[in-house]
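# Coordinate inspection notes
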Amino acid sequence: MPKQLRFNSATIHGGQEPDKAYGAVMPPIYQTSTYAQTTPGGHQGYEYSRTHNPTRTALERSMASIENAKYGLAFASGMAAMDAVLKLFQPGDEIISTDDLYGGSYRLMTQIFQKYGLKIHFVNMEKASTVTQFLNDKTRLIWIETPTNPMMKVVDIRAVTALVKDHKALVAVDNTFASPYLQQPLELGADIVLHSATKYLAGHSDTVLGLLAVNDDELQEQLAFIQNSSGAVPGPMDCFLTLRGIKTLHLRMQRHCENGAAVAIYLQQHPKIEKVYWPGFVDHPNHEVAKIQMKAFGGMLSFVPQGGALQRAINIVNNLNIFTLAESLGGVESLAGHPASMTHAAIPKAVREKNGVVDGLIRLSVGIEDVQDLIEDLDQAIGV
Ligand code: P1T
């Protein structure tokens, strides 16, 4: 197998080889907690499944391959992966994070890690230079979500990494909304990539899992130490499902992007819709950055109906038939969410609203169904 596969081959073959025992083409689900040793220390590289498991290794190698990274690390969830990253730091260290981000990420930083002495600045990074106002000799991490959840803000990863290159700070990018099909942050200078693999990577709304990708040997060692010590690892079945999902990532993403664009344009032209947030519009504040940094604009978008009232948004999501009202995103089926009461309820109302997450905001994860059915579903729900 050539070392450097193109993306659409890496999703299928990257880091994979037929299983050594019987040549199984898919990595077997090694449903075992432990491994026989012939004598103390006499094992075949696997001692205990919190530390390593062959199905997990296959997934970690796949992750590394599709993010063009040296290493992948798998965790029990996207939040567990973020938790491991934040455990790299000491009390007194400072983090600069995008202001708009997944509510659970905000909660982890403010309600767990602030308690252990990390200081977090939430900053609008649409203008990369804003980061410099918060940089100091205690800054250890820049946390970038791009596109952001749910306001679809875009951050120029290359510009931010250039700004911090003379500081002792790492740059981590939560690449969940884009997926590696659209955007590869390590290539743009980031040190760590995070995925809630629960979303596009697994792609079928049937598993919860987190992944990290890194290039630096020492960083990998530190993260693997935390992974093993804290123990928030995924089981082999979830690793298998994620591996299976990744094999069709490129095909699914193509359709997510096509359908996302069609739905965004439909909503933008609708007289009863006030505002649509999607990086593919030429008047999106960082459309030009998105055009360079991303291969296409993805299947996520948010919108506010005319008047922006809470009840109006609730009526729309309640009337949808094909879009399912649910948390999460990135699966083959279309989902609608109400961030203020669902995914971003952990963020205080004033903070939320400052970022644009108003009570009338609806978020869509546009799936890979026939787009005409999706548009007709929205049409009838908005028309009610
Ligand atoms: O759910 P989990 O696998 O732990 O991933 C957390 C996470 C991390 N980063 C981003 C950008 C996310 O969107 C999420 C999870 N988000 C949802 C469940 C949601 O509906 O927005």
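Residues numbered from 1 in each chain as written. Predicted model: local features only at pLDDT ≥ 70, side-chain atom pairs only at ≥ 80, totals over all residues. Heavy atoms only, no water.

### Quick word on the overall build of the chain
Under the convention used in this document: In DSSP terms, a helix is any run of H or I states spanning at least four residues, a strand is any run of E spanning at least two, and both are numbered starting from the N terminus. The globule rule used for comparison is 2.2 Å times the number of residues to the exponent 0.38, while the radius of gyration itself is calculated over C-alpha atoms. Think of it in three bands: with a 1.4 Å probe and only protein chains considered, a residue is buried below 20% of the maximum accessible area for its type, exposed above 50%, and partly exposed in between. Between two residues, a contact is recorded if the distance between any of their heavy atoms is within 4.5 Å.
Per the secondary structure count, the chain includes 13 helices and twelve strands. Expected size for 384 residues packed as a compact globule is a radius of gyration near 21 Å; at 21 Å, the chain falls within 12% of this value. By the burial criterion, 55% of the 384 residues in the chain qualify as buried. Sequence-distant contacts in the chain: of pairs separated by 6 or more residues, those separated by 24 or more amount to 73%.

### Observations concerning the environment of serine 105
As for its position among the elements, serine 105 is in helix H4 (residues 103-113). For the pair serine 105 and glutamate 145, spaced 40 residues apart in sequence, the C-alpha to C-alpha distance is 9.9 Å. Among all residues touching serine 105, those that are not within four sequence positions of it are Met79, Met82 and Glu145.

### Thoughts on the nonpolar core
When a protein is soluble and globular, its nonpolar side chains tend to lie buried together. Quick reminder of the rule: What we call a nonpolar core is a set of buried Ala, Val, Leu, Ile, Met, Phe, Trp, Tyr and Cys residues that are connected through their side-chain atoms within 4.5 Å.
By size, the foremost hydrophobic cluster in this structure holds 61 residues, and its most contacted members are Leu267, Leu301 and Leu364. With eight residues, the single largest contributor to this core is helix H9 (residues 249-269). Listed in part, the 29 residues of the second largest apolar core include Leu73, Leu108, Leu194 and Leu212.

### A few points about the sheet that holds strand E7 (residues 210-214)
For clarity, the cut-off: Strands qualify as paired when DSSP identifies two bridges or more between them. Axis angles are defined between N-to-C directions and span 0 to 180 degrees, where every axis is a line fitted to C-alpha atoms and, for a helix, only to the segment in contact.
The sheet built from seven strands is open, its strands ordered E1-E7-E6-E5-E4-E2-E3 with mixed pairing. Taken across any chain shown, the strands that pair with only one partner, and hence form the sheet edges, are strand E1 (71-75) and strand E3 (119-123). Averaged over all pairs of adjacent strands, the angle between their axes in this sheet comes to 20°, without regard to strand direction. The sheet contact formed by strand E6 (residues 192-196) and E7 spans five bridges and is antiparallel. Bridging across to E7, leucine 194 finds its partner in leucine 212. Here helix H2 (residues 54-66) sits on the sheet and contacts E1, E6 and E7; the angle it forms with E1, its principal contact strand, is near 130°. On top of the sheet, helix H7 (residues 217-230) reaches E1, strand E5 (170-174), E6 and E7; it is set at about 15° to E1, its chief contact.

### Some remarks on the site of the ligand
Rule in force here: Being near a molecule or strand, for a residue, means having at least one of its heavy atoms within 4 Å of it. Polar contacts, as used here, are pairs of N or O atoms within 3.5 Å; protein pairs need one atom able to donate a hydrogen and one able to accept it. Residues neighboring in sequence count only if both atoms are side-chain atoms. When residue character is reported, Ala, Val, Leu, Ile, Met, Phe, Trp, Tyr, Cys and Pro are called nonpolar, Asp, Glu, Lys and Arg charged, and the others, Gly included, polar.
Contacts to the ligand come from 17 residues, most closely from Asp174, Ser196, Thr198, Ser328 and Arg363. Contact between the ligand and lysine 199: a nitrogen atom at 3.3 Å from a side-chain N or O atom of the residue. Tallied by class, the residues present in the shell around the ligand amount to four nonpolar, eight polar and five charged.

### Some thoughts on the pairing of E5
Stated precisely, the cut-off is as follows: A clockwise path from the first strand over the helix to the second, with the strands pointing away from the viewer, defines a right-handed crossover.
Across the five residues that make up E5, a large majority, four, are buried. Taken together, the five bridges between strand E4 (residues 139-145) and E5 define a ladder with parallel strand orientation. Bridged to leucine 141 within E5 is leucine 170. What joins E4 to E5 is helix H5 (residues 157-163), and the crossover it makes is right-handed. Note: E5 against E6, three bridges, orientation parallel. Note that in E6 the partner of aspartate 174 across the bridge is leucine 194.

### So, the environment of threonine 148
Structurally, threonine 148 is set in the loop between E4 and H5. By relative accessible area, threonine 148 is classed as buried at 1%. Along the primary structure threonine 148 and methionine 300 are separated by 152 residues, whereas in three dimensions their C-alpha atoms are 9.9 Å apart. Apart from residues no more than four positions distant in its own chain, threonine 148 is found in contact with Asp100, Lys153 and Phe177. Of the polar contacts made by the side chain of threonine 148, one reaches the side chain of aspartate 100; its length is 2.5 Å.

### A word on the domain arrangement of the chain
Definition in use: All the domain ranges listed were derived from an automatic or database domain assignment. Once two parts are put together, the accessible area they lose, assessed with a 1.4 Å probe and summed over both, is termed the buried area.
The domains assigned to the chain are domain 1 (7-246) and domain 2 (249-383). Look at where the C-alpha atoms of domain 1 and domain 2 centre, and you get two points 25 Å apart. Listed per partner, the contact involves 45 residues of domain 1 and 43 residues of domain 2. The junction of domain 1 with domain 2 conceals about 3500 Å² of combined surface from both sides, 62% of it contributed by carbon and sulfur atoms.

### Some points on the packing of helix H11 (residues 310-319) against helix H13 (residues 371-383)
Each pair of packed helices can be described by the angle between their axes along with the distance between the axes. Put simply, the rule reads: Geometric relationships in this document are graded by angle, where less than 35 degrees denotes roughly parallel, more than 145 denotes roughly antiparallel, 65 to 115 denotes roughly perpendicular, and other angles denote oblique. Handedness of a crossing is defined here by the sense of rotation of the near helix relative to the far one, left-handed for an anticlockwise turn of less than a right angle and right-handed for a clockwise turn.
Axis separation between H11 and H13 bottoms out at 8 Å; the angle between their running directions is 140°. Taken as axis vectors, H11 and H13 run oblique relative to one another. For the crossing formed where H11 meets H13, the hand is right-handed. Counted together, Arg312, Ile316 and Asn319 of H11 and Asp377, Gln380, Ala381 and Ile382 of H13 form the full contact between these two elements. Tallied by class, residues from the contact of H11 with H13 come to three nonpolar, two polar and two charged.

### What to know about the pattern of salt bridges
Oppositely charged side chains are able to pair whenever their charged atoms sit close together. The following threshold applies: A pair is scored as a salt bridge if a Lys or Arg side-chain nitrogen falls within 4 Å of a carboxyl oxygen belonging to Asp or Glu.
Under the definition given, this model contains ten salt bridges. Linking lysine 70 and aspartate 217 is a salt bridge whose minimum nitrogen-to-oxygen distance equals 2.7 Å. Here lysine 70 is found in the loop between H2 and E1, whereas its partner aspartate 217 is found in helix H7, with 147 residues between them in sequence. Judged by its relative accessible area of 49%, lysine 70 is partly exposed. Aspartate 359 is the partner of lysine 349 in a salt bridge, and the nearest nitrogen-oxygen pair spans 2.8 Å. Here aspartate 359 lies in the loop between helix H12 (349-354) and strand E12 (362-365) and lysine 349 lies in helix H12, a separation of ten residues in the sequence. According to the relative accessible area criterion, lysine 349 is partly exposed, its value standing at 41%. Each of Lys349, Arg352, Glu353 and Asp359 takes part in salt bridges that share partners, so that together they form one network.

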